[in-house]
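Given next are the chains, with one letter for each unit.
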Amino acid sequence: MSNIILNLYPVVLFFLVFWKASFSGRKKVSPDYLNMDQTGQIRAFACISVILHHLTQSVTGYGIIYKGPVTLYNYAGILFTSVFFFSSGYGLIVSYETKPDYIKSFLRKRLPAVMIPFCMVNLIGILIRQFIYKTHGSMLSYISDFLGLTLINSNGWYIIEIIFLYIAFYILFRFLKNKDMALILLSLVAVMIILYGFFREHDSPDYKTHWFRGEWWINSTGVFIFGLVYGRFRKKIEGFLNRHYIIALVTVSILFAAAFAGTIYTVNHFGYYRSPGDPLARPYALITLIVQTVTCILSTTLILLINMRITLRSGVMRYIGKISAELFLVHGYFITMIFPKSGMSEPLYFGAVLISAVAAGAIISPLIKKLTGLVVQLLDRPVRTYRTLESELEDKLRKKRYKKYKRILLIIIILAGVYMIYIFAGRYIFAGLEYKRECEAIREASPGDEVKWGYFEQDREKFGKERLTWIVLKKEGDRVCLITKEGIAGGCYHRKHEDVSWEESDLRERLCSDDFTNMFSSYERDSIIRTDGDLITLLTSAEAEELFAEDKERELSITSVAKTDGTNINILSKTQQWDMKGYRSSWWWLRGEKGYKSKMAPIVTVDGAISYTDKEVNRPGGAIRPVIWVEIKNEF
């Protein structure tokens, strides 16, 4: 179930992107194609996708642990940073050709727009390190981190690289009369950056990233050149693509799929991470770089072809596009500092990071934009151009429309954030207090009473895991035996039809896996007494006979999740017709005697009777009813 929810995140993202989108019609380029509104929404999509990329890396171990199709996000980060590089290259050329005196005021307007968000988000990272992680440094190190001379925020690599490209653009286009030559030289500057980064070693394992260290500095930079060329010859390129649209769309889609498969292969088999003394290190890294660059250009072209026919009209993505710079920079803190290895379920972890990052971006973006505006005003003393009344009215109408979406999104973020904090606080921050209450309740309980201990997914209609209810079976001094009130999962005893002992069974292995052991907090886990080395086990047939007075007490209901996942339910009883409870009992597995091998496993039948011959070990649908022994001490 966890993996299913993870794979829903990209689905929801694509739904938001294409919400209210319109089709321009056959052989007709969208009138809004690649305007500021459309590129803003595309950047919003890319920004959220970058966050999903980093989250996926953290939960899959960079692709080692398969989590379904979402695992592909491990290899897709370059596709989304390519969007930013293309947007920058394309925007520079188009703005230069269409805006009067653009180049003259370029540096004093453009550099603050990227430097101020960069430095302010660096400041946030410094404060987190200083006051939460108690990581102190010298004044020089703080200045270095603030200015980005060393990157406390590894996502700031893009800003460093784009600043170099902006400065090169200004110098070349400001002082060269031949603009095509300026474009060629700017492309060569980008190539030189790629080559310089290629021959640099990777970062040391400290928390700071140094300039041009790591393949992420270079593997999507080539798309900046593609953006320059596309902007310079956009009319010819768009005319060609429009005339041969279907052929271009199909061809680019097939080539992209092949190139992306090639990227996955080269990263896994060649890659960048080889010993400096390995003679294949550079050739393999070069092959990987070339394949990734081609993949990035093809993915960007595919996005352009889609936008050529489809106009995006999502108010949510339009708003996120406006805070995308701050969101891109700040989200890494929530992955590496705020929620690192928090113990949350993976879907909750994804949601917590996404909601928190968007909320943080929404809060800091207006402040940063205000500060940027003030700095630009101070630098831009010359004559200001005033907008016409018509454009002012258009802006007012647009702002009014955007304000509605911003308000709705803000309400959703606040409500979701409050709920997320409630879940996080209740489960993790106050785990010690919760554990103390659990122990007090168990200490006062008698056999047959119900108590709470741990969390488990029992009802998918509710958000997050639910408190797990147990029945006290037996008390021996400070030791208490607990069994779940309901069957919380289901499956077979062993996957193969063969003689197998409990110790060798797949069911024992499953109970020892994280799927079950993660139901407990660290406090709870430390109090559990292991049975034959296992944290969680099942009752033996002898224990089931001893600890339940009669068969009827062994009849078992199951959770809605267990039922949905295929656990046996509503099967006719051998001795009874439909009972009057409104549900049928499920049969459930018992633990086989130690060392005894058989093709049949002991169970409790739907009537509560104990049987040794009814179910083969590979029979699916048996309910799983975990058992634990807990030691309750008098002092905490």
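The structure under discussion appears in the preceding block.
Residues numbered from 1 in each chain as written. Predicted model: local features only at pLDDT ≥ 70, side-chain atom pairs only at ≥ 80, totals over all residues. Heavy atoms only, no water.

J.: Explain the overall build of the protein chain to me, please; I cannot follow it from the model alone.
T.: In terms of helices and strands, the protein chain carries 22 helices and 12 strands. Excluding contacts between residues fewer than 6 apart, the proportion of contacts in the protein chain whose partners are at least 24 apart in sequence is 73%. Here the protein chain displays about 32100 Å² of accessible surface, and carbon together with sulfur accounts for 62% of that area. (Helix = DSSP H or I, 4+ residues; strand = E, 2+ residues; numbered from the N terminus. Contact = heavy atoms within 4.5 Å. Areas by Shrake-Rupley, 256 points an atom, 1.4 Å probe, with all protein chains shown as cover.)

J.: Could you clarify how one ought to interpret the nonpolar core in this entry?
T.: The tendency in soluble globular proteins is for nonpolar side chains to be buried as a group. The biggest cluster of nonpolar side chains holds 114 residues, and the ones touching the most others in it are Phe173, Phe224, Tyr230 and Tyr349. The element contributing the most residues to this core is helix 6 (residues 157–175), with 13 residues. Ignoring any residue separated from it by four or fewer positions in sequence, one finds Phe224 in contact with Phe85, Ser88, Gly89, Leu92, Ile162, Leu165, Leu186 and Ala190. Ile442, Leu482, Tyr493 and Leu538 belong to the second-largest nonpolar core, a separate cluster that totals 36 residues. (Core = buried A, V, L, I, M, F, W, Y, C linked by side-chain atoms within 4.5 Å. Buried < 20%, exposed > 50% of the residue type's maximum accessible area, 1.4 Å probe, protein only.)

J.: Where do I start with the environment of Ile471 in this structure?
T.: Here Ile471 lies in strand 4 (residues 466–476). For the pair Ile471 and Thr484, spaced 13 residues apart in the sequence, the C-alpha separation amounts to 6.0 Å. Those residues in contact with Ile471 that lie beyond four places of it in its chain are Gly448, Asp449, Glu450, Cys481, Leu482, Ile483, Lys485 and Arg625.

J.: Just to check I follow, could you spell out the pairing of strand 5 (residues 479–484) for this structure?
T.: Both faces of the sheet carry side chains from a regular strand, because those side chains alternate between them. Most of strand 5 is tucked away: five of the six residues are buried. In this structure, strand 4 lies alongside strand 5, joined through six bridges in antiparallel fashion. In the sheet register, Glu476 faces strand 5, and the bridge partner there is Arg479. Hairpin connection of strand 4 to strand 5: two residues between the antiparallel strands, including Gly477 at a positive phi of 65 degrees. (Pairing = 2+ DSSP bridges.)

J.: Which parts of the structure should I look at to understand a nonpolar patch on the surface?
T.: A surface patch of nonpolar side chains, amounting to about 470 Å² of accessible area, comprises Leu123, Leu127, Phe131, Ile132 and Ile338. Inspection of the secondary structure assignment puts Ile338 in helix 13 (residues 324–338). A relative accessible area of 34% means that Ile338 is categorised as partly exposed. (Patch = residues over 30% accessible without salt bridge, like charges linked within 9 Å, V, L, I, M, F, W, Y side chains within 5 Å. Salt bridge = Lys/Arg side-chain N within 4 Å of Asp/Glu carboxyl O.)

J.: What am I meant to see in the pairing of strand 4 here?
T.: By the bridge criterion, five bridges tie strand 3 (residues 450–456) to strand 4 in an arrangement that is antiparallel. Note that in strand 4 the partner of Tyr455 across the bridge is Arg467.

J.: Would you explain the sheet that holds strand 3 in this entry?
T.: Sheet strands pair via backbone hydrogen bonds, and the direction of the pair is either parallel or antiparallel. Pairing within the open sheet is antiparallel, and its five strands lie in the order 3-4-5-12-7. Strands at the two margins of the open sheet, each flanked by one partner only, are strand 3 and strand 7 (528–529).

J.: Help me understand the pattern of salt bridges in this model?
T.: Oppositely charged side chains can form a pair if their charged atoms are brought close together. The tally for this structure, following the rule as stated, stands at 20 salt bridges. With its nearest N and O atoms 3.8 Å apart, the salt bridge here joins Arg479 to Glu476. With its nearest N and O atoms 3.9 Å apart, the salt bridge here joins Arg591 to Asp532. With Arg591 in the loop between strand 8 (588–589) and strand 9 (600–604) and Asp532 in the loop between strand 7 and helix 20 (541–547), the pair connects residues that are 59 residues apart, well separated along the chain. With relative accessibility at 53%, the residue Asp532 sits in the exposed group. Via salt bridges that share partners, Lys474, Glu476, Arg479 and Glu546 belong to a single interconnected network.

J.: Help me out: how do you make sense of the side chain of Ser505 in this one?
T.: Note on placement: Ser505 falls in the loop between strand 6 (489–491) and helix 17 (506–511). The contact partners of Ser505, leaving out residues within four places of it in the chain, are Tyr493, His494 and Val500.

J.: Just checking my understanding: could you explain unusual backbone geometry for this structure?
T.: Most peptide bonds are trans, and most residues other than glycine sit at a negative phi. One non-glycine residue with positive phi stands out, namely Lys20, at about 65 degrees. Relative to the helices and strands, Lys20 resides in the loop between helix 1 (2–17) and strand 1 (22–23). Since its relative accessible area comes to 45%, Lys20 is described here as partly exposed. Even without being glycine, Asp101 reaches a positive phi, approximately 55 degrees. Structurally, Asp101 is set in the loop between helix 3 (77–98) and helix 4 (106–131).

J.: Help me understand helix 12 (residues 315–322) in this model?
T.: The α-helix winds at 3.6 residues per turn, so residues separated by three or four positions along the chain end up facing the same way. Most of helix 12 is tucked away: seven of the eight residues are buried. Listed in full, the buried residues belonging to helix 12 are Gly315, Val316, Met317, Arg318, Tyr319, Ile320 and Gly321.

J.: It is not clear to me how the packing of helix 4 against helix 14 (residues 346–379) should be interpreted in this structure. Could you clarify?
T.: If you want to describe how two helices pack, look at the angle between their axes and the distance between the axes. Running from N to C, helix 4 and helix 14 point in directions that differ by 140 degrees, and their axes come no closer than 9 Å. As summarised for this structure, helix 4 and helix 14 are arranged oblique, according to the angle between their axes. Where helix 4 crosses over helix 14, the handedness of that crossing is right-handed. Within the contact between the two elements, helix 4 uses Arg108, Lys109, Pro112, Ala113, Ile116, Pro117, Met120, Val121 and Ile124 and helix 14 uses Ile364, Ile368, Leu371, Thr372, Val375, Val376 and Leu379. Of the residues that constitute the contact of helix 4 with helix 14, the class distribution is 13 nonpolar, one polar and two charged. (Axes fitted to C-alpha atoms, helices over the stretch in contact; angles between N-to-C directions. Parallel < 35°, antiparallel > 145°, perpendicular 65-115°, else oblique. Left-handed = near helix turned anticlockwise from the far one by under 90°. Nonpolar A, V, L, I, M, F, W, Y, C, P; charged D, E, K, R; others polar.)

J.: Would you mind going over the environment of Val316 with me for this structure?
T.: Locating Val316 in the fold gives a position in helix 12. With 299 residues separating them along the chain, Val316 and Val17 place their C-alpha atoms 8.3 Å apart.

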